[in-house]
Amino acid sequence: MKLTQSKKNPARYNIAQFDKSVPRPDQAPADTGLEVAFAGRSNAGKSSALNRLTCQKSLARISKTPGRTQHLVFFRLDDERRLVDLPGYGFAKVPEKVKREWGIQLEKYLQERQSLQGLILLMDVRHPLTEFDQQMLEWSMHANMPVHILLTKADKLKRGAAQNALLKVKRDLADLANVSVQLFSSLKGTGLEEAQAVLDQWLDFPPQK
Ligand SMILES: Nc1nc2c(ncn2[C@@H]2O[C@H](COP(=O)(O)OP(=O)(O)OP(=O)(O)O)[C@@H](O)[C@H]2O)c(=O)[nH]1
Ligand SMILES: [Mg+2]
């Protein structure tokens, strides 16, 4: 595949390659180097965001059926760095027992994964801070894990409404240290560079000029 090296789609993310897909965090690749995980409710747009950030149309599978990505999917950037697509959560079709079990695993992963540098938490800009999102934030704060929130599908709102949604989420989370928020659209590319700058920092890539 030919790589395009434009400022918007830096080569350090374009080179992402599928590494491994596992049903449980304890089957993850060796816990070395640096890792950033993408979490969010089913259908929030995790896979789409990963594809946009890496400038690859079908790196992470995108589904119109929520709950499609049931595994943790690891993508390798280089020997030291990984991105992880976490299973969508909170969709009614998943049995209560499975949800509970997954919650335990996820909390453990946030607590114990040494290489995990931060969590990208995706929320539909039209329905932010659901119960699931608040649970994720709570676990992350408990694990001392920085969180960067992408308010996704920003293209679905007019500019003013999207800005208002952003301000409201910022206000609601003002008391939490180590949490940042931005607007994002995988469809339009809105917020791409801002999100990549956070990844750069967590993955210890040199700042881009
Ligand atoms: N308009 C718009 N649609 C989006 C955007 N991001 C994702 N979608 C759509 O939302 C749906 C779900 O996107 P996915 O990326 O599969 O969501 P996911 O969070 O990976 O979902 P699961 O794997 O089921 O957890 C798809 O139909 C996408 O095309 C966006 O920025 N704008
Ligand atoms: Mg997905």
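Let me begin by describing the structure that accompanies this report. As the structure is a computational prediction, the values presented were derived from the model and not from experiment. (Residues numbered from 1 in each chain as written. Chains lettered and ligands numbered in written order. Predicted model: local features only at pLDDT ≥ 70, side-chain atom pairs only at ≥ 80, totals over all residues. Heavy atoms only, no water.)

**Here's the deal with the overall build of the protein**
Helix and strand counts for the protein stand at six helices and seven strands. Restricting to contacts in the protein with at least 6 residues of sequence separation, those with at least 24 account for 74%. (Helix = DSSP H or I, 4+ residues; strand = E, 2+ residues; numbered from the N terminus. Contact = heavy atoms within 4.5 Å.)

**Some thoughts on the packing of aromatic side chains**
Per the stated rule, a full pass over the model turns up two aromatic pairs. Their ring planes at 80° and their centres at 5.6 Å tell us that Tyr13 and Phe205 sit as a pair that is edge-to-face. Separated by 192 residues along the polypeptide, Tyr13 in helix α1 (residues 11–14) and Phe205 in the segment after α6 (192–202) bring together distant segments of the chain. Residue Phe205 is classed as buried on the basis of its relative accessible area, which comes to 13%. Measuring from centroid to centroid gives 6.4 Å for Phe18 and Phe75, while their planes differ by 70°, and the two rings are edge-to-face. Note that Phe18 is positioned in strand β1 (residues 17–22) and Phe75 in strand β3 (residues 72–78), a separation of 57 residues in sequence. Over the ring of Phe205 we find Arg12; its NZ or CZ atom is 5.8 Å from the centre of that ring. The ring of Phe205 has Arg81 sitting right over it, with the charged end atom 4.0 Å from the ring centre. (Phe/Tyr/Trp six-rings, centres within 6.5 Å; stacked < 30°, edge-to-face > 60°. Buried < 20%, exposed > 50% of the residue type's maximum accessible area, 1.4 Å probe, protein only. Lys NZ or Arg CZ within 6 Å of the ring centre and 35° of its normal.)

**Some thoughts on α6**
Quick reminder: α-helices carry 3.6 residues per turn. Residues three or four places apart thus point the same way. Restricting attention to buried positions, one finds in α6 the residues Leu192, Ala195, Gln196, Val198, Leu199, Asp200 and Trp202. Phi turns positive one or two residues past the end of α6, at Asp204, with a value near 60°.

**Some words on helix α5 (residues 159–172)**
Across its 14 residues, α5 extends 20 Å between first and last C-alpha, which sits within 8% of the 20 Å expected from 1.5 Å per residue. Looking at the buried positions of α5, the neighbouring elements they touch are β6 (147–152) and β7 (179–183). (Expected span 1.5 Å × (residues − 1).)

**Details of the pattern of salt bridges**
Here the structure, examined in full by the defined rule, presents 10 salt bridges. Residue Asp200 is joined to Arg12 by a salt bridge in which the shortest nitrogen-to-oxygen separation is 2.6 Å. Of the two residues, Asp200 is situated in helix α6 and Arg12 in helix α1; the sequence distance between them amounts to 188 residues. Each member of the pair Asp200 and Arg12 is classed as buried. The closest approach of N and O atoms between Asp26 and Arg24, which form a salt bridge, is 3.2 Å. Assessed through its relative accessible area of 35%, Arg24 is described here as partly exposed. Here the salt bridges do not stand alone but share partners, grouping Asp31, Glu35, Arg82 and Arg113 into one network. (Salt bridge = Lys/Arg side-chain N within 4 Å of Asp/Glu carboxyl O.)

**Re the sheet that holds β6**
Spatially, β1-β3-β4-β2-β5-β6-β7 is the arrangement adopted by the seven strands of the open sheet, whose pairing is mixed. Each edge of the open sheet is held by one strand with a lone partner, namely β1 and β7. Strand-to-strand twist across the sheet, computed as the mean angle between neighbouring axes with direction ignored, equals 20°. Two strands pair when backbone bridges link them, and strand β2 (residues 34–40) and strand β4 (residues 81–85) are joined in this way by five bridges, in the parallel orientation. Looking at β4, one finds that Leu34 is bridged to Arg81. In this fold α6 packs onto β2, β4, β5 (116–124), β6 and β7, with an angle of close to 160° to the strand it touches most, β5. (Pairing = 2+ DSSP bridges. Axes fitted to C-alpha atoms, helices over the stretch in contact; angles between N-to-C directions.)

**What about the pairing of β4?**
Burial analysis of β4 places five of its five residues in the buried class, the great majority of the element. Burial along β4 is two-sided: Arg81, Leu83 and Asp85 and Arg82 and Val84, pointing in opposite directions, are all buried.

Structural measurements only, silent on function.
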